[in-house]
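# Structural characterization, general
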Amino acid sequence: MATEENVVAVFEQFNAEGRDYVTLNDACNALAQWLASAWDRLEEGDAQLLMAVGATLWREGFSQR
């Protein structure tokens, strides 16, 4: 079972290795597509959290432009 610490450790490892497989634009687009397709199956709190993640990705991508 994955824990928060396990997932963060994977993120940290990818960052340390320079493995960024997608651009922020690609990540925003992929998240938006998945979120739109899964919206009806998500609990309200989950949808709100994922929207916040998407907004953060968007803001970071916008600040890099």
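Whatever comes next refers back to the structure up there.
## Here we look at the overall build of the protein chain
Across its full length, the protein chain holds three helices and zero strands. Walking the protein chain from its N terminus toward its C terminus, one meets helices and strands in the order α-α-α. Projecting the C-alpha coordinates of the protein chain onto the three principal axes gives extents of approximately 35 × 35 × 15 Å. Each of the 65 residues in the protein chain was classed as buried or not, and the buried ones make up 11%. Carbon and sulfur atoms make up 58% of the accessible area of the protein chain, which totals about 5600 Å². Within the protein chain, the 11 negative side-chain charges are centred at a point lying 8 Å from the centre of the 4 positive side-chain charges.

## Here we look at the layout of surface pockets
Here the largest pocket is characterised by a volume of approximately 360 Å³. Taken together, Val10, Phe11, Phe14, Asn15, Gly18, Arg19, Asp20, Tyr21 and Val22 make up the full set of residues lining the largest pocket. Taken together, the residues of the lining of the largest pocket break down into five nonpolar, two polar and two charged.

## A short note on a nonpolar patch on the surface
Taken together, Val7, Val8, Val10 and Phe11 make up a surface patch of nonpolar side chains, about 340 Å² in accessible area. One can find Phe11 in helix α1 (residues 4–17).

## Comments concerning the pattern of salt bridges
For the structure shown, the criterion picks out one salt bridge. Among the salt bridges present, the one from Arg19 reaches Glu17, with a minimum N-O distance of 2.6 Å. According to the relative accessible area criterion, Arg19 is partly exposed, its value standing at 33%. Judged by its relative accessible area of 41%, Glu17 is partly exposed.

## With respect to the packing of helix α2 (residues 24–38) against helix α3 (residues 44–64)
Where α2 contacts α3, the axes come no closer than 9 Å and their chain directions differ by 155°. For the element pair α2 / α3, the angle class is roughly antiparallel. Of the two elements, α2 crosses α3, and the hand of that crossing is left-handed. Note on element contacts: α3 touches α2 through Leu50, Met51, Val53, Gly54, Leu57, Trp58, Glu60, Gly61 and Gln64, opposite Leu24, Ala27, Cys28, Leu31, Trp34 and Leu35.

## Points about the environment of Thr56
As for its position among the elements, Thr56 is in helix α3. Each C-alpha atom of the pair Thr56 and Cys28 lies 9.4 Å from the other, and the pair is 28 residues apart in sequence.

## Let's talk about the environment of Asn25
Counting through the fold element by element, Asn25 comes out in helix α2. For Asn25, a relative accessible area of 36% corresponds to the partly exposed category. Sequence separation between Asn25 and Gly61 is 36 residues; the distance between their C-alpha atoms is 6.6 Å.

Reading the values: rules and limits
- Residues numbered from 1 in each chain as written.
- Predicted model: local features only at pLDDT ≥ 70, side-chain atom pairs only at ≥ 80, totals over all residues.
- Heavy atoms only, no water.
- Helix = DSSP H or I, 4+ residues; strand = E, 2+ residues; numbered from the N terminus.
- Buried < 20%, exposed > 50% of the residue type's maximum accessible area, 1.4 Å probe, protein only.
- Areas by Shrake-Rupley, 256 points an atom, 1.4 Å probe, with all protein chains shown as cover.
- Lys, Arg positive; Asp, Glu negative; His and termini not counted.
- Charge placed at Lys NZ, Arg CZ, Asp CG, Glu CD.
- 1 Å grid on protein atoms, 1.4 Å probe; cavity = no way out; pocket = protein on both sides within 12 Å on 5 of 7 lines; lining within 4 Å.
- Points joined across faces, edges and corners; volume = space filled by probe spheres on them.
- Nonpolar A, V, L, I, M, F, W, Y, C, P; charged D, E, K, R; others polar.
- Patch = residues over 30% accessible without salt bridge, like charges linked within 9 Å, V, L, I, M, F, W, Y side chains within 5 Å.
- Salt bridge = Lys/Arg side-chain N within 4 Å of Asp/Glu carboxyl O.
- Axes fitted to C-alpha atoms, helices over the stretch in contact; angles between N-to-C directions.
- Parallel < 35°, antiparallel > 145°, perpendicular 65-115°, else oblique.
- Left-handed = near helix turned anticlockwise from the far one by under 90°.
- Contact = heavy atoms within 4.5 Å.

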